[in-house]
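Tertiary structure, described
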Amino acid sequence: MAVPARLSEASMDTSPQVRSPRVESMISLGDSNIALRVMIYRGYVSELQPLVILNSVEYPMPPSVAFCEQMWANGFQVIFIERPGFGSSAAMPRVLFTEELIAKGATASTEAVLIQKLITQLELKPFILLGMGSSNPVCYRLSLISERAAFAVFSNVVFNKDILDVFRPKWLQQMFRQMVHSKAGLKIASAGIKYRMRRKPLEFYRLLMHQSAGDVTYVDKNPADFVAAGQLFQHIDHATLDYDMRMSLKPDLILKDGLFAGRNAIAFSGTETPDHWRAQLDSEAARLGIPVAYAPSGDFLAPYASVDFFLSLIQKHAGLSLAPSS
């Protein structure tokens, strides 16, 4: 297949003297005017098994070179897809952001179809899918429609549980409540978050992730990535942010009892996740028929904070196909 046109190959490296192997491209979806930012590790689609990662709202960046290199050394190529409307990627059409379409799951389903189209264009072999945080409503839809999804990992997934109480400090919790319950509140809260991310992004991320030593260590090892994430967050518009928060933190109609029973998928979290979150996740996972794996470290960024554990998990499931949905 043809290698997509490349952007600045050194743009994601912390050292200007080294060409980064995290090669970014803007890839148009067919003949549409939607183009998504994609990081293909080492710049070409290899013969290794793809590990496709979709970003969460708070961290629209690919994993570190160290993470990608460890995956590569063990037979997996990281392909990070920046979702529509996050940072550099073009947003979906505004007509998809009505309250009715979001509530019915139609907007998330459309996004999943767009991601599937990109995967088809890249001619990826059966891949492992990793959803990070707020991308999971799109990821479990993608896992249900894609014949090429061999194994799906839903990391830091909410499902239909009430988890706002776990956020600390209290002002941050109140900010997230504002964002979920009214569009006016979302505009005010998002302006506050953008201001903090613009001025002191590392301070914001350390505060957001302070309950997890593993997450904070990952931040401290990759400061340039979090500065870049703070800059990318400035470009997320209100419609995209409203849609993402509603899909993540309000009930999703697709999540019916036993949805994942018999499928090659797993919910993933870290032992540093607050107890309330873990209790809610265990309850929802039992209802949906999906197993849960807890990494020894990490919360928001558990796969990156516990890379050895995550690698052993996907090695165990690599090459297995998702069972057909009932």
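Provided above is the structure to which this section pertains.
First, a word on scope: everything that follows refers to the structure included in this document. Position numbers for residues start from 1 in each chain and track the written sequence from start to end. With pLDDT at 70 or above as the cut-off, local features in this predicted model cover only qualifying residues; side-chain atom pairs require 80 or more to be listed or tallied, and sums for whole chains, interfaces and linings still use all residues. Each side-chain value is derived from all of the structure's non-hydrogen atoms; neither hydrogens nor water enter the calculation.

1. As for the side chain of arginine 22
- Each helix is a run of H or I in the DSSP string that is no shorter than four residues. Each strand is a run of E no shorter than two, and both are numbered from the N terminus. Examined against the element boundaries, arginine 22 turns out to sit in strand β1 (residues 22–28).
- Within the structure, the side chain of arginine 22 is placed 3.0 Å from the backbone oxygen of proline 63, a separation counted as a polar contact.
- Side chain to side chain, arginine 22 and aspartate 225 meet in a polar contact 3.0 Å long. In protein, a polar contact means a hydrogen-donor-capable atom and an acceptor-capable atom, both N or O and within 3.5 Å, with residues adjacent in sequence counting only if both atoms are side-chain atoms; elsewhere, any N or O pair within 3.5 Å suffices.

2. Some remarks on the environment of isoleucine 128
- Positionally, isoleucine 128 belongs in strand β5 (residues 127–132).
- Distance from isoleucine 128 to glutamine 49, taken between C-alpha atoms, is 7.6 Å for residues 79 residues apart in sequence.
- The contact criterion used throughout is that any non-hydrogen atoms of two residues lie within 4.5 Å. When near neighbours in sequence (up to four residues on either side) are disregarded, isoleucine 128 contacts Gln49, Pro50, Leu51, Val52, Phe76, Phe151, Ile314 and Ala318.

3. Some remarks on the side chain of glutamine 49
- Within the secondary structure, glutamine 49 is located in strand β3 (residues 49–54).
- Relative accessible area serves as the criterion here: at 13%, glutamine 49 is assigned to the buried category.
- Among the polar contacts listed, one links the side chain of glutamine 49 to the backbone oxygen of proline 126, at a separation of 3.2 Å.
- Glutamine 49 has contacts with Gly75, Phe76, Gln77, Lys125, Pro126, Phe127, Ile128, Ala150, Ala318 and Gly319, leaving out every residue within four places of it along the chain. A simple rule labels every residue: compare its accessible area, found with a 1.4 Å probe on the protein chains alone, to the largest value its type can have, and call it buried under 20%, exposed over 50%, or partly exposed in between.

4. Some words on the packing of aromatic side chains
- The rule is short: rings of Phe, Tyr and Trp, with Trp giving its six-membered ring, pair when the centres are within 6.5 Å, and they are stacked under 30 degrees, edge-to-face over 60, tilted in between. In total, this model carries 18 aromatic pairs according to the counting rule given.
- Between phenylalanine 159 and phenylalanine 260, the ring centres sit 6.0 Å apart and the planes meet at 40°, which makes this aromatic pair tilted. Here the residue phenylalanine 159 occupies a position in the loop between β6 (149–155) and α5 (170–181), and phenylalanine 260 occupies one in the loop between α10 (238–249) and β7 (265–270), the gap between them amounting to 101 residues. Of the two residues examined, phenylalanine 159 and phenylalanine 260, each falls in the buried class.
- Clustering of aromatic rings is evident, with ring pairs tying together Tyr59, Phe67, Phe204, Tyr205, Tyr218, Phe226, Phe268, Tyr304, Phe309 and Phe310.

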